[in-house]
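Coordinate inspection notes
Spelled out, the chains give:
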Amino acid sequence: MFGGGFHLVRMALLVVGICFGLGHIIPSIGSVRAQEPVAPDVVYSHCWASGGLKESLSAVARAAERWDCSGKPYVLDGERIFLRFDVAGAQIPRYFVTRRAALDGIDFLVIDQDGAERSTSIPPSQWLNSSADSQLRIPVTDVRDQSRYFIAAFDRVSHRMVLDGAHLTAWDDSGQTPMLLFLAALCGMLAMPLVFNAAFYRVLRENFVVWHSALVISLMLTVLVSSGLSMWWLEIPVMTLSWMQTLLFGGSVAAGCMFTHGFIEPGRLHPKLRRALIWCAVSAMSLSLFHALFPYVARPVQSTIYTAAFMPILMIFIAVLIDAWSRGSRAVMFQIVGWAPMLVVGIIRLVTGLVPALESNDAMLLFYIGCVFEVMCTAMGVADRFMSLKDQRDRARTEAEILEGLAERDALTGLFNRRGFEKRAETLFAHGFTTLAVLDLDHFKAINDSYGHAMGDRALQATAEALRPNARVDVFRMGGEEFVMLLRGKDAHAQAERRRKNIEEMIRESIPQIKKRVTASMGMVDMVADAQDGVDIGWFFERADELLYHAKRQGRDRSIANWAAFEMPDGNGMMADGPSHDAAMFRMKKTSVADTAAPSARLTTTEV
């Protein structure tokens with residue numbers, strides 16, 4: 001847990017704020033159907049009736065006993081629902097407007113005050129998409145000054161909100177332009193996180209970034225489809241938009257669940273709740289797919305069942321947020337803040353969709369605002385998680401490099417070990433370290449036997465100090481009393497020899513307890529690269545090692561070096577002796593590279 005009372009108080013205030021908002025929003029948006037017209041040019045229905053598909057619209061209209069004008073909630077049991085609008089004295093309407101949902105057809109009947117009737121049947125192909133939220137509109141041409149009633153007959157209504165939102169109006173869609181501009185800007189804001197997600201995914205390779213992109217896209221498409229923006233670019237049939245909106249709703253819920261599943265840090269959410277999010281995603285998508293493709297299977301109650309089926313998903317999601325917060329998740333704080341408006345929208349839709357006395361309401365304006373709020377907050381959460389994961393990976397990389405460095409270092413002397421040599425040798429060769437020297441302390445076992453292993457360790461440390469690496473010399477302890485130097489420069493051999501001779505003096509001065517002379521023998525080669533295969537460090541190491549042991553057989557406390565490396569000599573591995581000379585003067589016999597091709601060529605050596 002974040003641990004402090006401050007976070008607890010902040011969470012409590014957030015919950016109280018949501019509850020307080022619900023207490024004020026739901027009564028205002030969920031008024032009962034029997035409300036008065038809000039303007040003289042907008043007419044709502046006060047009476048309704050139900051019947052069969054084959055019943056005459058005129059007969060039902062004149063059967064006064066069949067009409068219910070008491071404000072009783074609509075019941076969808078009948079195959080056909082009739083709404084009656086009193087247009088006497090009202091401004092002549094130009095459009096019939098209702099909510100978009102699955103239904104088979106709409107018929108109109110206009111009855112004048114003198115009893116004259118005019119009927120019109122409007123097939124779905126003639127329905128128009130409205131620029132208002134999730135609405136369809138149909139032009140009205142038969143209403144006149146002497147008209148008394150306008151009756152609309154709906155065939156196989158699948159959702160109560162079609163009846164709740166039905167009205168006549170004299171307005172066209174021109175007044176929706178500011179809202180459309182706002183929604184277009186909103187879609188632009190929704191698209192922005194997709195750019196960041198593309199960059200984040202290249203670095204993180206985390207699935208939750210993909211799911212966040214899916215969530216952003218589904219919400220953006222929902223805004224386009226549910227508002228009137230889509231009609232400005234594409235002429236999509238009304239009923240196609242209806243089932244698209246249903247699918248997009250399920251897709252948004254599914255993407256949100258999967259994003260939360262991956263976004264909350266490991267160990268910060270109960271495993272059962274994390275698994276439940278996957279089932280919620282599958283359930284949301286399956287419910288929406290079934291409801292979009294088969295809206296009439298249980299038509300009178302299907303929309304109610306569909307709405308109620310999302311209640312467990314909502315409850316599980318709230319439980320996930322609470323559990324992750326209680327376990328100290330940092331990521332969930334962005335989720336709580338971002339999802340708060342959307343959770344309010346979900347509660348509003350559930351309450352108004354399940355309570356018959358309340359008018360069905362999608363709270364679309366709050367939904368649009370919630371889309372931006374959710375996407376921006378979760379995008380900030382993704383960025384925060386990106387920085388957190390980057391810090392974790394940087395720390396892990398640093399620790400790995402430290403451990404790797406330790407693994408490449410000899411604990412006793414601090415020099416690079418054999419592993420360090422194998423990793424660095426070719427790189428050093430490429431930077432001009434072409435001289436390889438293999439050095440071994442003479443009679444080192446006798447030191448351990450005479451003075452103990454602790455004194456032997458001190459001798460090894462003194463040897464490392466005598467060999468000390470610098471910008472032109474790198475030193476490695478290969479194991480035991482064996483050391484390797486990689487050197488560069490024209491005086492590489494002289495540098496190696498000075499260091500070899502310095503070992504005896506360093507041990508004598510730093511470890512006076514050792515009375516014996518401690519000397520070293522060394523073999524050196526100058527490495528050259530093959531034109532095709534590059535340099536074979538291992539082969540040159542073996543040659544230098546053979547020169548080292550040749551030096552030991554010559555009496556120890558000396559160096560034997562060659563200027564150029566050649567093919568292996570005769571099978572017994574013995575090196576030909578070279579001329580001895582003063583250590584301060586290296587007169588190497590140079591051999592051309594062309595000689596290296598001769599299989600029988602011998603190593604030319606020089607004893608230092």
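Residues numbered from 1 in each chain as written. Predicted model: local features only at pLDDT ≥ 70, side-chain atom pairs only at ≥ 80, totals over all residues. Heavy atoms only, no water.

With that settled, consider helix α9 (residues 331-354). The end-to-end C-alpha distance of α9, which contains 24 residues, comes to 33 Å, matching closely the 34 Å that a straight helix rising 1.5 Å per residue would cover. Along α9, the sharpest kink reaches roughly 45°, centred on W339 and followed within four residues by the proline P341. Of all 24 residues in α9, 18 are buried, a share of seventy percent or more. (Helix = DSSP H or I, 4+ residues; strand = E, 2+ residues; numbered from the N terminus. Expected span 1.5 Å × (residues − 1). Bend = angle between axes of the 7 residues up to and from the residue. Buried < 20%, exposed > 50% of the residue type's maximum accessible area, 1.4 Å probe, protein only.)

Applying the stated criterion across every chain, the model contains one disulfide. Each sulfur in the disulfide pair C47 and C69 lies 1.9 Å from the other. Between C47 and C69, the S-S dihedral sits near 115°, and the bridge is therefore right-handed. On the criterion of sequence distance, the pair formed by C47 in strand β2 (residues 47-51) and C69 in the loop between α2 (57-62) and β3 (80-86) is long-range, its members being 22 residues apart. Overall, C47 belongs to the buried group, its relative accessible area being 8%. According to the relative accessible area criterion, C69 is partly exposed, its value standing at 43%. Here C257 stays unpaired: no disulfide links it, and the sulfur of C280, its closest cysteine neighbor, is 5.0 Å away. Note on C280: relative accessible area 4%, which makes it buried. (Disulfide = S-S within 2.5 Å.)

Let's shift gears to the environment of F310. Relative to the elements of secondary structure, F310 occurs in helix α8 (residues 299-326). A residue is classified by how much of its surface remains accessible, and F310, at 9% relative accessible area, is buried. For F310 and L287, which are 23 residues apart along the polypeptide, the C-alpha to C-alpha distance reads 8.8 Å. When near neighbours in sequence (up to four residues on either side) are disregarded, F310 contacts F249, V253, A284, L287 and S288. (Contact = heavy atoms within 4.5 Å.)

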